[in-house]
Amino acid sequence: MAIERTLSIIKPDGVEKGVIGRVISRFETAGLKPVAIRLERLSQAQAEGFYAVHRARPFFGDLVKFMTGGPVVLMVLEGENAIARNREVMGATDPKKAAEGTIRKDFATDIEKNTVHGSDSPENARTEIAYFFPEVQVHAYEWKAKR
Ligand code: IDP
Ligand code: MG
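What counts and what doesn't
- Residues numbered from 1 in each chain as written.
- Chains lettered and ligands numbered in written order.
- Predicted model: local features only at pLDDT ≥ 70, side-chain atom pairs only at ≥ 80, totals over all residues.
- Heavy atoms only, no water.
- Helix = DSSP H or I, 4+ residues; strand = E, 2+ residues; numbered from the N terminus.
- Buried < 20%, exposed > 50% of the residue type's maximum accessible area, 1.4 Å probe, protein only.
- Contact = heavy atoms within 4.5 Å.
- Near = heavy atom within 4 Å.
- Polar contact = N/O pair within 3.5 Å; in protein donor to acceptor, adjacent residues only side chain to side chain.
- Areas by Shrake-Rupley, 256 points an atom, 1.4 Å probe, with all protein chains shown as cover.
- Nonpolar A, V, L, I, M, F, W, Y, C, P; charged D, E, K, R; others polar.
- Pairing = 2+ DSSP bridges.

Digging into the environment of Phe132
Counting through the fold element by element, Phe132 comes out in helix H7 (residues 122-132). Taking relative accessible area as the criterion, Phe132 reaches 2% and is therefore assigned buried. Spatially, the C-alpha atom of Phe132 lies 9.0 Å from that of Phe50, the residues being 82 residues apart in sequence. Those residues in contact with Phe132 that lie beyond four places of it in its chain are Leu7, Ile9, Arg38, Leu42, Gln46, Phe50 and Leu74.

Below you can see the structure in the form of structure tokens.
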């Protein structure tokens, strides 16, 4: 199995609900380690650029407004099959359809305010990590056998 990195965002609803710690704890429990982490409020331009692929969708304007409405936590997660693993732990986009025990099932408000973002492919993970962490060093863990 491959060690991968993926971009994770705790969205403004997650920060507002006070579940940063619980969300990160779920990632850590699933073997996804934060190797870069930053809390900030996204500008309109940052949010529009990040979600550019959804520009033509009817929900785009509301999504940008939501994503800029409060601070977010930007993270790079590292682990075995991190991209798919993160998507599993997150659950389906619509929390009504999300599986039991997933972050979105337990914390999301609705299909828009769904607490977390996660890259959906290796190519998008690379692009999204570079978008928010262009220069800062991403700290790699040494994957040592447990003693
Ligand atoms: P994903 O976050 O599960 O990958 P995408 O389809 O990539 O889902 O959509 C990006 C984000 O846009 C979602 O996480 C959600 O915040 C928002 N979104 C997606 N579909 C809808 C919708 O039908 N109404 C409102 N917001 C939506
Ligand atoms: Mg997506």
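What follows continues from the structure just given.
Structural notes on the site of ligand 1
Near ligand 1 the following residues occur: Lys11, Tyr51, His54, Phe59, Leu63, Arg87, Thr93, Arg104, Ile111, Glu112 and Asn114. In this structure, an oxygen atom belonging to ligand 1 sits 3.1 Å away from a side-chain N or O atom of His54. The separation between an oxygen atom of ligand 1 and a polar side-chain atom of Arg104 is 3.0 Å. Coverage of ligand 1 by the protein amounts to 79% of the 530 Å² it exposes when considered alone. In the shell around ligand 1, the residues fall into four nonpolar, three polar and four charged.

Some points on the pairing of strand S3 (residues 72-80)
For S3, the tally of buried residues reaches eight of nine residues, placing the bulk of the element in the interior. Summarising the sheet, strand S2 (residues 33-40) and S3 pair through seven bridges and their orientation is antiparallel. Residue pairing across strands places Ala36 opposite Val76, the latter belonging to S3.

Coordinates in, geometry out; function isn't part of it.
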